[in-house]
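Residue-level listing of the chains:
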Amino acid sequence: MDTLCGTVDGAKVTAYGPTSCESAMAVAQQALVPGTWGPGVGPDPTVTAPWGATTVTATGPAAGETYTLDCSAGTAHNAAVGRGGNGANITFEKNTYGGLMYLLC
């Protein structure tokens, strides 16, 4: 099940599966900070690398649990996904004003 949780810096934040909106928004607050993303690295030479990637550690406000998610963004520059332990799965999507390209600045 997917749940639109809200927006952070103009990016829609969606939680999937067991991920709560509270946790998704906590991760988004950490992940959507300009300059915290580096260039993406492809898993092997035959796969196109994502244009950006970061690792985020955030604490969910409800249970106080700490989550670490690996986030990457595709070549369209408008969406990113974060995946981590316990089946955490979050997407960030921004389709205006250059999308998520500001994260690499």
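Residues numbered from 1 in each chain as written. Predicted model: local features only at pLDDT ≥ 70, side-chain atom pairs only at ≥ 80, totals over all residues. Heavy atoms only, no water.

Peer 1: Honestly, the overall build of the protein in this entry has me stumped. Any pointers?
Peer 2: Scanning the protein from terminus to terminus reveals 1 helix and 6 strands. When its helices and strands are written in sequence order, the protein yields β-β-α-β-β-β-β. The long-range fraction of contacts in the protein, counting pairs at least 24 apart against all pairs at least 6 apart in sequence, stands at 37%. With an accessible surface of roughly 5600 Å², the protein has 54% of that area assigned to carbon and sulfur atoms. (Helix = DSSP H or I, 4+ residues; strand = E, 2+ residues; numbered from the N terminus. Contact = heavy atoms within 4.5 Å. Areas by Shrake-Rupley, 256 points an atom, 1.4 Å probe, with all protein chains shown as cover.)

Peer 1: In this structure, what is going on with the sheet that holds strand β4 (residues 66-73)? I would like to understand it.
Peer 2: Taken in spatial order, the 6 strands make up an open sheet running β1-β2-β6-β5-β4-β3, and their pairing is antiparallel. Where the open sheet ends on each side, the last strands, each with one partner, are β1 (2-8) and β3 (52-59). This sheet shows a mean twist of 25° between the axes of neighbouring strands, independent of strand direction. Bridging between β1 and strand β2 (residues 11-16) involves 6 bridges; their strand directions are antiparallel. Within β2, the position partnered with T3 by the bridge is A15. Each of β1, β2, β3, β4 and β6 (89-93) is contacted by helix α1 (residues 21-31), which is oriented at about 40° to β1, the strand it contacts most. (Pairing = 2+ DSSP bridges. Axes fitted to C-alpha atoms, helices over the stretch in contact; angles between N-to-C directions.)

Peer 1: Help me understand unusual backbone geometry in this model?
Peer 2: Note: most peptide bonds trans; most residues except glycine with negative phi. Despite not being glycine, D9 shows a phi value in the positive range, around 50°. Residue classification places D9 among the partly exposed residues on the basis of a relative accessible area of 44%. (Buried < 20%, exposed > 50% of the residue type's maximum accessible area, 1.4 Å probe, protein only.)

Peer 1: Before we go on, may I ask you to explain the state of the cysteines in this structure?
Peer 2: Throughout this description, disulfide means a covalent bond between two cysteine sulfur atoms. Under the definition given, this model contains 1 disulfide. The disulfide partner of C5 is C21, and the gap between their sulfur atoms is 2.2 Å. With the S-S bond torsion at -75°, the cross-link from C5 to C21 turns out left-handed. Separated by 16 residues along the polypeptide, C5 in strand β1 and C21 in helix α1 bring together distant segments of the chain. (Disulfide = S-S within 2.5 Å.)

Peer 1: Help me understand α1 in this model?
Peer 2: Count 3.6 residues to each turn of an α-helix, and residues three or four apart come out pointing the same way. Listed in full, the buried residues belonging to α1 are S23, A24, A26, V27, A28 and A31. At its buried positions, α1 is contacted by β1, β2, β3, β4 and β6.

Peer 1: Looking at this structure, I do not really get the environment of K12. What am I missing?
Peer 2: Tracing the backbone through its elements, the reader meets K12 in strand β2. Between the C-alpha atoms of K12 and T91, which are 79 residues apart in sequence, the distance is 7.9 Å. Excluding its chain neighbours within four sequence positions, the residues that come into contact with K12 are L4, G6, T7, T91, F92 and E93.

Peer 1: What is the right way to read the side chain of T14 from this model?
Peer 2: With respect to the helices and strands, the residue T14 is situated in strand β2. The contact partners of T14, leaving out residues within four places of it in the chain, are D2, T3, L4, C5, N89, I90 and T91.

All quantities given are derived from atomic positions and should not be read as evidence of function.
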